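A look at the structure
Below, each chain spelled out in residue letters.
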Amino acid sequence: MAVYVHLATGFEEVEALSCVDVLRRAGVDAKMVSVTGDIMVSGAHDIDIRADLLFEEADYDSCEMIVLPGGMPGATNLRDHAGLTEQIKKFSAEGKRLAAICAAPLALAAHGVLEGRAATIYPGMEAHLLGAKASHANVTRDGNVITGMGPAIAMEFALALAEELKGKEVREQVASGLLFDRR
């Protein structure tokens, strides 16, 4: 089973790459999926990343979590992608895991996924949560949905995904190796 981290033009690089890196360290088959039609995707800060596969090549039946990094216009590009919208709605209906950070929770909200749930979004964007209860926590989990606040929270968010998929012990091992909890 794979986790698909979606890349759209203008994605927040630190959020996408932190998720992929941490999940791979945790032993998760994390794949970067381009929704642009091109394997190379340009991030919000003009960093070009080579995705692992195109959206059209992705097998969502073998995907256990959809991850949406933020960034602008990355988040709105994810929201507006018809095929991804279909998968988000399907995952939501089936109770499969969805995760979004920074501005990207707007893509989940736009498709009704956050209705009645607690969710976090980049500060000042709470109006985009459409029916959700705005949480001001760094990372918020409500059922099968995990949301995070923004770039500085990317590592904490990624570790929350690792814990969700592999358990607390694996999360702690990865965090220790990264010196995340070191004070």
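The preceding data block contains the structure.
Structure report, in brief. All values reported here derive from a predicted model rather than from experimental measurement.

1. Remarks on the pattern of salt bridges
- As enumerated under the stated definition, the model contains 9 salt bridges in all.
- Note that Lys31 is salt-bridged to Asp29, the shortest N-O span being 3.4 Å.
- For the salt bridge of Asp61 with Lys90, the shortest nitrogen-to-oxygen distance reads 3.6 Å. Separated by 29 residues along the polypeptide, Asp61 in the loop between strand 5 (53-54) and strand 6 (63-68) and Lys90 in helix 3 (residues 82-94) bring together distant segments of the chain.

2. Quick look at helix 5 (residues 154-166)
- With 13 residues, helix 5 extends 18 Å from end C-alpha to end C-alpha; this agrees with the ideal 18 Å at 1.5 Å per step.
- Inspection of helix 5 places Ala154, Phe157, Ala158, Leu159, Leu161, Ala162, Glu164 and Leu165 among the buried residues, and these make up the whole buried set.
- At the exit of helix 5 stands Gly167, carrying a positive phi of roughly 100°.

3. Re helix 3
- Here helix 3 spans 18 Å end to end across 13 residues, near enough to the 18 Å set by a 1.5 Å rise per residue.
- Buried within helix 3 we find Leu84, Thr85, Gln87, Ile88 and Phe91. One side of helix 3 holds all its buried residues, which, seen down the axis, span an arc of 165°. Looking at helix 3, the residues exposed on the side facing more than 90 degrees away from the buried face are Ala82, Glu86 and Ala93.
- Check the buried side of helix 3 and you find it contacts strand 1 (2-7), strand 6, helix 2 (74-79), strand 7 (97-101) and helix 4 (105-110).
- Phi turns positive one or two residues past the end of helix 3, at Gly95, with a value near 75°.

4. Thoughts on unusual backbone geometry
- Each neighbour pair has its own omega, and for Met72 with Pro73 the value is 10°, a cis peptide bond.
- Tracing the sequence through the fold places Pro73 in the loop between strand 6 and helix 2.
- Its identity is not glycine, yet Cys102 carries a phi of approximately 65°, on the positive side.
- Counting through the fold element by element, Cys102 comes out in the loop between strand 7 and helix 4.
- Residue classification places Cys102 among the buried positions, given a relative accessible area of 7%.

Basis of the calculations
- Residues numbered from 1 in each chain as written.
- Predicted model: local features only at pLDDT ≥ 70, side-chain atom pairs only at ≥ 80, totals over all residues.
- Heavy atoms only, no water.
- Salt bridge = Lys/Arg side-chain N within 4 Å of Asp/Glu carboxyl O.
- Helix = DSSP H or I, 4+ residues; strand = E, 2+ residues; numbered from the N terminus.
- Expected span 1.5 Å × (residues − 1).
- Buried < 20%, exposed > 50% of the residue type's maximum accessible area, 1.4 Å probe, protein only.
- Arc of directions from axis to C-beta.
- Contact = heavy atoms within 4.5 Å.

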